[in-house]
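Survey of secondary and tertiary structure
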Amino acid sequence: MKKWMIIFLVALSGVLFAESLLDPVNALGFGAVKLRAQTLSIHRDYEGLGNGYSTTLGWKLDYLSPEWEGLSAGLSYIHVDVLHTAGGAFGSDGEGLLFNGRVNELNELWVKYSLGTLGLSNTSAKVGRQVINGEVFRKDEFRQKPRAFEAALLTTKDIPDTVLTIGHVERLSNVWDSDSHATLSWRFKDIEDVLGAGYSTRGVTWAEGVYTGITNLEIAAYNAYAYDIGNVAGGRIKYTVSDTTAVNGYIRHENEVGRAANSHSDMVGLSVKQKVGDVMLEPGFLSIGGDALLFSELGTGINHPLGSSMMIYSGIFNGGADTAYLKAVTKINKTVLYLLYNYTWHDKTPYDGQELNIVVKQPVCDNLSVALKVGAGYRDGKNAATGDTTATDARLFVTYNF
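Worth saying up front: this structure is predicted, and the values here are computed from it rather than measured.

Scoring rules and cut-offs
Residues numbered from 1 in each chain as written. Predicted model: local features only at pLDDT ≥ 70, side-chain atom pairs only at ≥ 80, totals over all residues. Heavy atoms only, no water. Helix = DSSP H or I, 4+ residues; strand = E, 2+ residues; numbered from the N terminus. Buried < 20%, exposed > 50% of the residue type's maximum accessible area, 1.4 Å probe, protein only. Contact = heavy atoms within 4.5 Å. Areas by Shrake-Rupley, 256 points an atom, 1.4 Å probe, with all protein chains shown as cover. Patch = residues over 30% accessible without salt bridge, like charges linked within 9 Å, V, L, I, M, F, W, Y side chains within 5 Å. Salt bridge = Lys/Arg side-chain N within 4 Å of Asp/Glu carboxyl O. Lys, Arg positive; Asp, Glu negative; His and termini not counted. Polar contact = N/O pair within 3.5 Å; in protein donor to acceptor, adjacent residues only side chain to side chain. Charge placed at Lys NZ, Arg CZ, Asp CG, Glu CD. Core = buried A, V, L, I, M, F, W, Y, C linked by side-chain atoms within 4.5 Å. Pairing = 2+ DSSP bridges. Phe/Tyr/Trp six-rings, centres within 6.5 Å; stacked < 30°, edge-to-face > 60°. Lys NZ or Arg CZ within 6 Å of the ring centre and 35° of its normal.

1. Looking at the overall build of the protein chain
The number of helices and strands found in the protein chain is 3 helices and 19 strands. Overall, the C-alpha framework of the protein chain stretches about 65 × 55 × 50 Å when taken along its three principal axes. Put simply, the protein chain has 402 residues, and 48% of those count as buried. For the protein chain, the share of sequence-separated contacts (at least 6 apart) that also reach a separation of at least 24 residues comes to 56%. Carbon and sulfur atoms make up 60% of the accessible area of the protein chain, which amounts to about 18,600 Å² in all.

2. A closer look at a nonpolar patch on the surface
Together, Leu356, Ile358, Val360, Leu372, Val374 and Leu396 make up a nonpolar patch on the protein surface, roughly 410 Å² of accessible area in all. Contributing elements (two or more residues each) for the nonpolar patch: β17 (351–363) and β18 (368–381). Assignment of secondary structure puts Leu356 in strand β17.

3. With respect to the side chain of Glu108
As for its position among the elements, Glu108 is in strand β4 (residues 103–114). For the buried Glu108, which has no salt bridge, the nearest side chain bearing the opposite charge is Lys126, at an N-O separation of 4.9 Å. Of note is the side chain of Glu108, whose polar atom sits 3.4 Å from the side chain of Trp110. Sequence-distant contacts of Glu108, that is, excluding residues within four places in its chain, are made with Gly74, Leu75, Ser76, Arg129, Gln130 and Val131.

4. Let's talk about the side chain of Thr399
As for its position among the elements, Thr399 is in strand β19 (residues 389–401). At 2.6 Å, the side chain of Thr399 and the side chain of Gln38 are in polar contact. Not counting residues up to four positions away in its chain, the partners in contact with Thr399 are Arg36, Ala37, Gln38, Asn367, Leu368 and Ser369.

5. Side note on a negative patch on the surface
Taken together, the side chains of Asp45, Glu47, Asp380 and Asp388 define an acidic patch exposed on the protein surface. Inspection of the secondary structure assignment puts Asp45 in strand β1 (residues 32–46). With relative accessibility at 35%, the residue Asp45 sits in the partly exposed group.

6. Some words on the nonpolar core
Core analysis: the biggest nonpolar cluster contains 20 residues, and Phe137, Trp206 and Phe295 have the highest contact counts within it. Where this core is concerned, the elements lending two or more residues are β6 (148–156), β7 (162–173), α3 (191–194), β9 (204–214) and β10 (217–226). When sequence neighbours within four positions are dropped, the list of residues in contact with Phe137 reads Ile132, Phe149, Val169, Val204, Trp206, Phe295 and Thr300. Listed in part, the 12 residues of the second largest apolar core include Met267, Leu286, Ile316 and Phe317.

7. Section: the environment of Tyr77
Note on placement: Tyr77 falls in strand β3 (residues 71–86). The partly exposed category is assigned to Tyr77, whose relative accessible area is 32%. Along the chain, Tyr77 and Leu106 lie 29 residues apart, while their C-alpha atoms are 4.4 Å from each other. At a separation of 2.3 Å, a polar atom in the side chain of Tyr77 contacts the side chain of Asn104.

8. A word on the pairing of β1
For β1 and strand β2 (residues 50–64), the ladder comprises 15 bridges, and the chain directions are antiparallel. By the bridge assignment for β2, Leu35 is matched with Leu61. The antiparallel pairing of β1 with β2 creates a hairpin that spans 3 residues between the two strands, and Gly48 there sits at a positive phi of about 90°. Across 11 bridges, the pairing between β1 and β19 is antiparallel. Along β19, the bridge assignment pairs Ser41 with Leu396.

9. So, the environment of Tyr341
Looking at where Tyr341 falls in the secondary structure, it is placed in strand β16 (residues 335–346). Considering only alpha carbons, one finds Tyr341 and Ser271, 70 residues apart in sequence, at a separation of 14 Å. Dropping the residues within four chain positions of it, Tyr341 is found in contact with Ala324, Tyr325, Leu326, Gln354, Glu355 and Leu356. Of the polar contacts made by the side chain of Tyr341, one reaches the side chain of Gln354; its length is 2.6 Å.

10. Re the packing of aromatic side chains
Scanning the model with the defined rule gives 10 aromatic pairs in all. Summarising the aromatic geometry, the rings of Phe142 and Trp176 are spaced 5.9 Å apart at their centres and angled 40° between planes, so their arrangement reads as tilted. With a gap of 34 residues between them, Phe142 in the loop between β5 (123–130) and β6 and Trp176 in the loop between β7 and β8 (189–190) connect regions that are remote in the sequence. One exposure class covers both Phe142 and Trp176, and it is buried. One aromatic cluster in this structure is built from Phe137, Phe149, Trp206 and Phe295. Above the ring of Trp110, the side-chain terminus of Lys126 is found at 4.3 Å from the ring centroid. When the ring centre of Phe188 is taken as origin, the NZ or CZ atom of Arg129, which lies over that ring, is 3.9 Å away.

11. Thoughts on the pattern of salt bridges
According to the stated counting rule, one finds 15 salt bridges in the structure shown. Across the salt bridge formed by Arg147 and Asp140, the nearest N and O atoms sit 2.9 Å from each other. Of the two residues, Arg147 and Asp140, neither departs from the other in class, the shared state being buried. A salt bridge links Asp352 to Lys382; the nearest nitrogen and oxygen atoms lie 3.5 Å apart. Taken as a pair, Asp352 in strand β17 and Lys382 in the loop between β18 and β19 lie far apart in primary sequence, 30 residues in all. Overall, Asp352 belongs to the buried group, its relative accessible area being 16%. Residue Lys382 is classed as partly exposed on the basis of its relative accessible area, which comes to 43%. What emerges from the salt-bridge pattern is a single network uniting Glu105, Arg129, Glu150, Arg171 and Asp190.

So this is what it looks like as structure tokens:
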């Protein structure tokens, strides 16, 4: 795959300080075209499991059509090749421990109809493969692609101070770049397979709303019904105390329905955002009671206060897990610095865990950026059989938008 790296570098050197190559195409008026090239290098070393390394080169082509009589359409195609891989715990070619392998997927293909002709200027219906990033489902672009869904949804902002979404999901394409793993692949799968049901169901129907009609207050509520699997209900609240202080609260309940085995879990989260000088600090607490969460980062995504943990090494979504954490974000000139530390205590899992993530993102020019992400995890085993283990994760993103 060295030829792909050469092609990428030659193309990059020719347009690094030039205007977008796609400007003449987009000027024709047939819609908007975007192209992204991105290399992702990952090295992981998990004590007791092994280590691995891979570098991938991904291309992401997006197209958005003009709107005609309320109708518009869009697509997003993603292709990823493995340039180099080594180690190979749980398999080879960037998979297994890394989930940084090949991808070849039409991630989005949708049609949207705006109901302006019916007097609902801020209401639309959207059907097809699409990225959804809301209270229930999240895009979570941890590797080369965002999570995508085969879904139909109706979204309206015509209710004062309210955004309401009602939809149904049948299939899901996950964020993990791996052909070999049965449940965490980028290929579109029935939602029951993603949730591990082991039998056919009728997808997930959900509704969510966000209300901002009270000064300094944002309230969100949602309910998702996964047929014959589980029901998820919850809410979120954000209260802005001042220009430098905000309080966030999260609550969620999950329980089995239909043919599913008995299970229930409760999530409670609380955090405070406090700006100190040029640094935004966010200390917080996340608690999972009962069983492990059905809807979480490994499957459907989850909107929670903790942020994205690179390895989820401390087991923050396990049943009986309590997590205290601290996030810090600042910007020095154009350089973005991000830190996330968490400590998790477990009632049911035979260890307590910690994880530290540090991210540095540097724009090189208008279209080129480099991001380095480094993570370290530690598990404090509660018995001799479990023992203490450590893990490290390092990722380098080089991204160019044409």
